[in-house]
Amino acid sequence: MSDILIVDDERDIRELIADILGDEGFQTRTAANSDEAISALNAAEPALMILDIWLKDSRMDGIDILKQVKRNNPEVPVVIISGHGNIEIAVAAIKQGAYDFIEKPFNIDQLMVVINRAMETSRLRRENSALKKGETRGAEMLGNSAAFRRLRDNLDKVAKSNGRVMLTGEPGAGKELAARYVHQHSPRADAPFVTVPCASIAPERMEEVLFGRETPERGVEPGLLEQAHGGVIYFDEVADMPLGTQPKILRVLTEQQFQRAGGADKVRVDLRVISSTHRDLPTEIAAGRFRQELFDRLNVVPVVVPALSDRRDDIGPLASHFIDRFHDEQGLPARELPDETVAALQAMRWPGNIRQLRNVIERVLILGDGTGPIQPAELEPQGATPDNSETLSLGPQITAMALREAREMFEREYLLAQINRFGGNISRTAQFVGMERSALHRKLKSLGVVGGVRGEDDEISGK
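Residues numbered from 1 in each chain as written. Predicted model: local features only at pLDDT ≥ 70, side-chain atom pairs only at ≥ 80, totals over all residues. Heavy atoms only, no water.

Draft legend 1. Quick look at the pairing of strand β3 (residues 48-52). Counting buried positions along β3 gives five out of five residues, so the element sits mostly inside the fold. Of the two faces of β3, the one holding L48, I50 and D52 and the one holding M49 and L51 are both buried throughout. Bridge count between strand β1 (residues 3-7) and β3: four bridges; the pairing is parallel. Within the sheet, the bridge partner assigned to I4 lies in β3 and is L48. Looking at chain direction, β3 and strand β4 (residues 78-82) are connected through four bridges and run parallel. Directly across from M49, in β4, lies its bridge partner V78. With respect to chirality, the unit in which β3 leads through helix α3 (residues 62-72) into the neighbouring parallel β4 is right-handed. (Buried < 20%, exposed > 50% of the residue type's maximum accessible area, 1.4 Å probe, protein only. Helix = DSSP H or I, 4+ residues; strand = E, 2+ residues; numbered from the N terminus. Pairing = 2+ DSSP bridges. Right-handed = clockwise from strand over helix to strand, strands pointing away.)

Have a look at this one:
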């Protein structure tokens, strides 16, 4: 979006302005009539348009083109030029949204002053729009676990290409953050990142939201695809896209163009597509809920986003990051996170993944009584009353057991929690619980925990 589109029916004028702007370091495109101008706009939105009022042998004059630009490309400033200028034409152009008006023959210095001001205005508008949409927020990814390093290496490779990416992983694992990371580190980083929340858009509105619409009363209302032109469109939970919409998206991916609802013009778009899902799409395809052709188009580069349970070493740094973030954004206490509290977090189950961890930290900071270190007891679910004594709360199932059975049950659950905490690493688990590795293997075998921890069967069984 750094070029200037020059629309004038006089070839000499077009080439003169293009040469002047070229000497000043601008890129330019030219159009001789309204059809060429609209085609150029649909191909790629310019940073600025210089538009002649009177266009010979053209379907529309400059005012008509100006009206259409302001409907379809409201961020593009338009500078009107005319050899038949008068105050009425200037006023009419300004009323229709023109940035400024210059009369032919124009002074080059005057032309450059107006263009530079218009370009600066365009830049500020785009920056403001990006800030409102949150597009300039950094996609910060934290971690140092082996699973996280593999993910980041894959995302770095993907970012350099323009290929379509399919992100899979559990809910809350950070798939949208991964998509934003790809966008931020790609050549499209300065262009829009637009999210399509497929699960939360009503099926009957999906096509209108994606493609936009045209009505006599409200004119053109661009859809999400059009808003993402030049950047990234992110289909969040793409498995929830209505079956009837899927072939139309497939056509957009193939042709890079579409029609708005109620419109007749073809809208061309340049998009990079990133999708995500927590479902098994081959199963959805077999059940007739997802089209095989669309899956093949979207699944060019599959990337798995690991669950938090597969990167427990990252829980401490992530929790500390959330503490700092809530302190900066909400003024919540910047409390310390002791090693024993990190250990408790690592031993917990995280079905909601990073999103759940973030919520737990926010709750603790909001409900905490002081500003001291966060204690493990504060991690209890909301509404629970922490027991400050060192005793365990025994339910009827436990109290009905014989001592030997209760002890075995406790040891089994305790050791499984520690093994999960250390990502299945038996050596680190043995070191923490104060046992020799071989003794821990024998204990696990006696408790019936052989090959029972996900992803570490060989190590646990001693192979």
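Draft legend 2. Quick peek at the nonpolar core. V196, L225, I233, F235 and I249 are the most contacted members of the largest nonpolar core, which has 32 residues in total. Broken down by secondary-structure element, the contributors of at least two residues to this core are β7 (193-197), α8 (206-211), α9 (224-227), β10 (232-236), α10 (246-255), α11 (281-286) and α12 (292-298). With residues up to four places along the chain from it excluded, the contact list for I249 reads L210, F211, L225, F235, M241 and L294. Counting 23 residues, the second largest nonpolar core, distinct from the first, contains L5, A31, M49 and I65. (Core = buried A, V, L, I, M, F, W, Y, C linked by side-chain atoms within 4.5 Å. Contact = heavy atoms within 4.5 Å.)

Draft legend 3. Quick look at the packing of aromatic side chains. The final tally for this structure, using the stated rule, is three aromatic pairs. Between F211 and F258, the aromatic rings sit 5.5 Å apart at their centres with planes inclined by 50°, giving tilted as the arrangement. In this pair, F211 sits in helix α8 while F258 sits in strand β11 (residues 257-259), placing the two residues 47 residues apart along the sequence. Across the pair, exposure class does not vary: F211 and F258 are buried alike. With a centroid separation of 5.8 Å and 20° between ring planes, the pair formed by F410 and Y414 is classed as stacked. Residue F410 and its partner Y414 are both found in helix α17 (residues 403-421); the two are separated by four residues, about one turn of the helix. Exposure remark for F410: the relative accessible area of 46% places this residue in the partly exposed category. The exposure class of Y414 is partly exposed, given its relative accessible area of 32%. (Phe/Tyr/Trp six-rings, centres within 6.5 Å; stacked < 30°, edge-to-face > 60°.)

Draft legend 4. Representation of the sheet that holds β10 within the structure. The parallel open sheet is built from five strands, whose spatial order is β7-β10-β13-β6-β14. The open sheet has two edge strands with one neighbour each: β7 and β14 (301-304). In this sheet, neighbouring strand axes are inclined to one another by 20° on average, regardless of whether the strands run parallel or antiparallel. Pairing analysis gives four bridges linking strand β6 (residues 165-168) to strand β13 (residues 272-277), with the strands arranged parallel. Across the sheet, residue M166 finds its bridge partner in β13, namely S275. With respect to the sheet, helix α6 (residues 146-159) is in contact with β6, β13 and β14, its orientation differing from that of β14 by roughly 155°. (Axes fitted to C-alpha atoms, helices over the stretch in contact; angles between N-to-C directions.)

Draft legend 5. Quick look at the confidence of the model for the protein. Mean pLDDT over the protein: 84, with 87% of residues reaching 70 or higher. In the model, residues 134-138 has pLDDT below 50 throughout and makes nine contacts with residues more than four positions away in sequence or in other chains. Within the model, the stretch residues 452-463 combines pLDDT values under 50 with 26 contacts to residues more than four positions away or in other chains. (pLDDT = per-residue confidence, 0-100.)

Draft legend 6. Molecular detail of the pattern of salt bridges. All chains considered together, the criterion is met by 23 salt bridges. Across the pair R59 and D35 runs a salt bridge whose closest N-O atoms are separated by 2.7 Å. Placement of the pair is R59 in the loop between β3 and α3 and D35 in helix α2 (residues 34-43), with a sequence separation of 24 residues. Put simply, E221 and R213 hold a salt bridge, and the shortest N to O gap is 2.6 Å. Here the residues in one salt-bridge network are R205, E208, R213 and E221, joined through shared partners. (Salt bridge = Lys/Arg side-chain N within 4 Å of Asp/Glu carboxyl O.)

Draft legend 7. Quick peek at the side chain of Q246. Mapped onto the elements, Q246 comes out in helix α10. With sequence-adjacent residues up to four places away left out, Q246 is seen in contact with M241, R289, F290, R291 and L294.

Draft legend 8. Broad picture of the packing of α6 against helix α7 (residues 175-184). Interaxial distance between α6 and α7 falls to 8 Å at its minimum, and their mutual angle equals 45°. On the basis of their axis angle, the class for α6 and α7 is oblique. Viewed along their axes, α6 and α7 form a crossing whose handedness is right-handed. Two secondary-structure elements touch here, α6 through R152, L155, D156, V158 and A159 and α7 through A178, Y181 and V182. Considered class by class, the residues forming the contact of α6 with α7 number six nonpolar, no polar and two charged. (Parallel < 35°, antiparallel > 145°, perpendicular 65-115°, else oblique. Left-handed = near helix turned anticlockwise from the far one by under 90°. Nonpolar A, V, L, I, M, F, W, Y, C, P; charged D, E, K, R; others polar.)

Draft legend 9. Molecular detail of the environment of Q418. Tracing the backbone through its elements, the reader meets Q418 in helix α17. Along the sequence, Q418 and A430 sit twelve residues apart, while their C-alpha atoms lie 9.1 Å from each other. Not counting residues within four places of it along the chain, the set of residues in contact with Q418 comprises T429, F432 and V433.

Draft legend 10. Structural detail: the sheet that holds β3. The strand order across the open sheet formed by five strands is β2-β1-β3-β4-β5, and the pairing between neighbours is parallel. At either margin of the open sheet sits one strand with a lone partner, and together these are β2 (27-31) and β5 (100-103). In this sheet, neighbouring strand axes are inclined to one another by 20° on average, regardless of whether the strands run parallel or antiparallel. Note: β4 against β5, four bridges, orientation parallel.

Draft legend 11. A look at the environment of S186. Within the element layout of this structure, S186 appears in the loop between α7 and β7. Separated by 45 residues in sequence, S186 and G231 place their C-alpha atoms 9.8 Å apart. In this structure S186 touches A159 and R272, once residues within four positions along its chain are discounted.

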